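Here's the letter readout for the chains.
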Amino acid sequence: MPTIKKIKKIGILCSGGDSPGMNAAIRAVVRTAIYNNFQVFAIMRGYTGMIENDIVELNSRSVANIIQRGGTILKTARSKDFLTKAGRKIAYENLKKHGIDSLIILGGDGSFRGAEAFSREFDIPCIGLPGTIDKDIAGTDFTIGFDTAVNTAVQCIDKIRDTMESHDRLFIIEVMGRDAGYIALHSGIATGAENILIPEAKTNIDDVVKSLLEKEKRKKLVNLIVVAEGDDFGGALEVEKYILKKMPTAEVRVCILGHIQRGGSPTCLDRLIASRMGYHAVECLMKGPHNVFVGIMNNKMNYIPLKDAVKNKQKIDKDWLKIVKILSS
Ligand code: ADP
């Protein structure tokens, strides 16, 4: 059994894109750490704040009344300087000034790669918490923020459906997901979409047009296409352009949901997983394993080495797409 480095002072930061539930995770980390007699420091604006020494101590009250708030009280950023060894060295010197001897990082796979490089170079144990609305990290069934984002998308699509039904229109709705189609798939199934276009499955746009023409013959004029922003054919505007070329008289409208999906009060599920993961991140610093990120698989905690953190490129089960087809007929 490798000996676990004794820690006293934990730094916590958010990095990359924000996601609802990050505050719940910060709260869980701070309170668990203080319960176990550690000091906790907020590193503001991710790795940027680490390099610029934007670091302040937190107490239990610092995280009062934040569990229900979207975004992150620590702010988040992307840092080019942290990609360089020189930048990381400055960050390390700043941690030393505060006596910070361990880190908890909320972010996506990019942030975890940064943490892994840092832990290797400076012997600072790092624990990652998967905070991303895209649910695109391998090794965890949940990421902090996905459930809120997908529920926001569902609420928006439900509202748009009222207009679709009233006017017999085809709506193409673009949801977030540059590399992953989970938001599109989940929100599309939950709102009865006729077609769901995602990066994980090759889009045959002529098949989409064929199905619309066939539905037109059956006088089914209300149709919903949900497309992930990173679909291989293109986003909602490209899909609209192609459909109008083939069906010039179709009543088509496009709605790009955009950043609305990132914000808002986290759902109960996001608050729960964030609280659970935050608690276990501190446990990991105390008892090991170190240099892992905390996931949940089959309702059990799962610890994945930071060096193995990768975007989830798994193929979406064909059953899902079959379900979409059958249920929307
Ligand atoms: P996400 O964590 O959401 O995937 P990014 O990929 O933008 O977001 O990564 C966030 C930050 O993590 C980057 O701005 C950079 O500072 C740091 N980072 C990413 N990859 C590396 C790397 N290979 N080495 C060091 N730092 C990295």
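Note that the structure is a prediction, hence the values are computed from the model and not measured.

Q: Provide a residue-level description of the domain arrangement of the protein chain, including the pertinent values.
A: As assigned here, the protein chain comprises domain 1 (9-145 + 266-309) and domain 2 (146-262). On a C-alpha basis, the centroid separation for the pair domain 1 and domain 2 is 35 Å. On the side of domain 2, 13 residues touch domain 1, which itself brings 15 residues to the contact. Here domain 1 meets domain 2 over a buried area of about 1,200 Å², counting both sides, of which 56% is carbon and sulfur. Its largest share of buried area at the contact with domain 2, domain 1 owes to Ile133, Asp134 and Lys135, together 48% of the area lost on that side. Inspection of the domain 1/domain 2 interface yields zero salt bridges. Put simply, domain 1 and domain 2 have nine residue pairs in polar contact (both at pLDDT 80 or more) between them. Residue composition of the side of domain 1 that touches domain 2, by class: five nonpolar, five polar and five charged.

Q: Give a detailed account of the sheet that holds strand β2 (residues 39-43), specifying residues and quantitative values.
A: The strand order β3-β2-β1-β4-β5-β10-β11 describes an open sheet built from seven strands, whose pairing is mixed. Every interior strand has two partners, whereas the edge strands, β3 (55-58) and β11 (300-305), have only one. The sheet shows a mean angle of 30° between the axes of neighbouring strands, taken without regard to direction. Taken together, the two bridges between strand β5 (residues 126-130) and strand β10 (residues 292-297) define a ladder with parallel strand orientation. Each residue of the ladder has a partner; that of glycine 128, found in β10, is phenylalanine 293. Relative to the sheet, helix α3 (residues 85-98) contacts β1 (9-14), β2, β3 and β4 (102-107), its axis offset from that of β3 by approximately 40°. Packing of helix α9 (residues 268-287) onto the sheet brings it into contact with β1, β4, β5, β10 and β11, and relative to β10 it is tilted by some 135°.

Q: So, the pattern of salt bridges: which residues are in play, and what are the values?
A: The full count for this structure, using the stated rule, is 14 salt bridges. Of the charged contacts, one joins aspartate 109 and arginine 113 as a salt bridge, the two residues approaching to 3.2 Å between their closest N and O atoms. Linking aspartate 109 with arginine 113, this pair stays in helix α4 (residues 109-122), spanning four residues, or about one helical turn. For arginine 113, a relative accessible area of 47% corresponds to the partly exposed category. A salt bridge links lysine 220 to glutamate 194; the shortest N-O distance between them is 2.4 Å. Note that lysine 220 is positioned in the loop between α7 (205-217) and β8 (223-228) and glutamate 194 in the loop between α6 (182-190) and β7 (195-197), a separation of 26 residues in sequence. Exposure remark for glutamate 194: the relative accessible area of 7% places this residue in the buried category.

Q: I'd love a proper account of the environment of isoleucine 12, names of residues and values included.
A: Within the fold, isoleucine 12 resides in strand β1. Given a relative accessible area of 0%, isoleucine 12 falls into the buried group. In this structure the C-alpha to C-alpha distance between isoleucine 12 and threonine 249, which are 237 residues apart in sequence, comes to 55 Å. Once residues lying within four places of it in the same chain are set aside, the contact partners of isoleucine 12 are Ile26, Val29, Val40, Phe41, Ala42, Ile43, Leu58, Leu74, Ile104 and Leu106.

Q: Go over the sheet that holds β7, please, and point to the residues and values.
A: In spatial order, the strands read β7-β8-β6-β9; together these four strands make up an open sheet with parallel pairing. Of all the strands in the sheet, just β7 and β9 (252-256) have a single pairing partner and so form its edges. Pairs of neighbouring strands in the sheet enclose a mean axial angle of 15°, with direction left out of account. In the sheet, strand β6 (residues 170-175) pairs with β9 via five bridges, with the strands oriented parallel. Counterpart to phenylalanine 171 in the pairing with β9 is arginine 253.

Q: A description of the site of the ligand should follow, citing residues and the corresponding values.
A: Taken together, the neighbourhood of the ligand is formed by 15 residues, with Arg78, Ser79, Gly108, Gly110 and Ser111 sitting nearest. Taking serine 79, its main chain carries an N or O atom lying 2.6 Å from an oxygen atom of the ligand. Looking at the shell around the ligand element by element, the count peaks at five residues for α4. Classifying every residue of the shell around the ligand by side-chain character gives three nonpolar, eight polar and four charged.

About the criteria used
- Residues numbered from 1 in each chain as written.
- Predicted model: local features only at pLDDT ≥ 70, side-chain atom pairs only at ≥ 80, totals over all residues.
- Heavy atoms only, no water.
- Domains from an automatic or database assignment.
- Contact = heavy atoms within 4.5 Å.
- Buried area = accessible area lost by both parts, 1.4 Å probe.
- Salt bridge = Lys/Arg side-chain N within 4 Å of Asp/Glu carboxyl O.
- Polar contact = N/O pair within 3.5 Å; in protein donor to acceptor, adjacent residues only side chain to side chain.
- Nonpolar A, V, L, I, M, F, W, Y, C, P; charged D, E, K, R; others polar.
- Pairing = 2+ DSSP bridges.
- Helix = DSSP H or I, 4+ residues; strand = E, 2+ residues; numbered from the N terminus.
- Axes fitted to C-alpha atoms, helices over the stretch in contact; angles between N-to-C directions.
- Buried < 20%, exposed > 50% of the residue type's maximum accessible area, 1.4 Å probe, protein only.
- Near = heavy atom within 4 Å.

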